[in-house]
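# Close look at the chain arrangement
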Amino acid sequence: EQQALWNGLDGGEWKAISHTQPEKVLCYAREKTDSKVMVLLNLSADSCSVDVDLPFTGDHFSNYITGEPFSLTAPQTFNLKPWDYRIIIENLYDK
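Residues numbered from 1 in each chain as written. Predicted model: local features only at pLDDT ≥ 70, side-chain atom pairs only at ≥ 80, totals over all residues. Heavy atoms only, no water.

### Quick look at the pattern of salt bridges
To keep it simple, the criterion reads: Whenever Lys or Arg places a side-chain nitrogen within 4 Å of a carboxyl oxygen from Asp or Glu, that contact is recorded as a salt bridge.
Tallied over the entire structure, the rule returns two salt bridges. The salt bridge involving R86 is made with D84; its shortest N-O contact spans 2.9 Å.

### Some remarks on the pairing of strand β2 (residues 25–32)
The following threshold applies: Strands are labelled as partners when DSSP assigns at least two bridges between them. Starting at the N terminus, helices and strands are each numbered in turn, a helix being any DSSP run of H or I of at least four residues and a strand any DSSP run of E of at least two.
With three bridges joining them, strand β1 (residues 14–16) and β2 adopt antiparallel strand pairing. Residue A16 lies in a different strand from β2, and its bridge partner there is Y28. Taken together, the eight bridges between β2 and strand β3 (residues 35–42) define a ladder with antiparallel strand orientation. Each residue of the ladder has a partner; that of R30, found in β3, is V37. In sequence, β2 turns back onto β3 through a hairpin of two residues, with T33 there showing a positive phi of about 50°.

### Focus: a nonpolar patch on the surface
Condition: Nonpolar side chains (Val, Leu, Ile, Met, Phe, Trp, Tyr) are joined into patches within 5 Å and like charges within 9 Å, using only residues with over 30% relative accessible area and no salt bridge. Per-residue accessibility takes into account occlusion by the displayed protein chains alone, with areas from the Shrake-Rupley method and a 1.4 Å probe.
There is a patch of nonpolar side chains on the surface, built from L5, Y64, I65 and Y85 and spanning about 380 Å² of accessible area. Residue position: L5 is located in the segment before β1.

### Considerations on the environment of N42
Cut-off, in case you're wondering: Whether two residues touch is decided by their heavy atoms; if any such pair falls within 4.5 Å, the residues are in contact. Within 3.5 Å is the distance limit for a polar contact, defined as a pair of N or O atoms, with the added protein rule that one can donate a hydrogen and the other accept it, and that residues adjacent in sequence qualify only through two side-chain atoms.
Secondary-structure assignment places N42 in strand β3. When the C-alpha positions of N42 and P22 are compared, they lie 9.7 Å apart, and in sequence the two are 20 residues distant. With residues near it in sequence (within four places) discarded, N42 still touches K24, V25, S47, C48, L80, K81, P82, W83 and D84. Within the structure, N42 has its side chain in polar contact with the backbone oxygen of D46 (distance 2.8 Å).

In structure tokens:
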């Protein structure tokens, strides 16, 4: 169960993540028990490249929307289209 995706405080504390596009992108992480999630939201009409100070790393993550496997390695750059977003979750059973 991805408890970090639960709403409100049931999903764990919201923590801002430092990155290179604070004027365009909101980036945060939540953790609850063994569940981890990182969210990037491009809140602008511009495409942008975002370098993120990762709160966690590893090769046991996936894109929550597509299910595509995803590795988080520092340094990490995300390319976001206008109004684009990423929700990266930890695969609880692949650790």
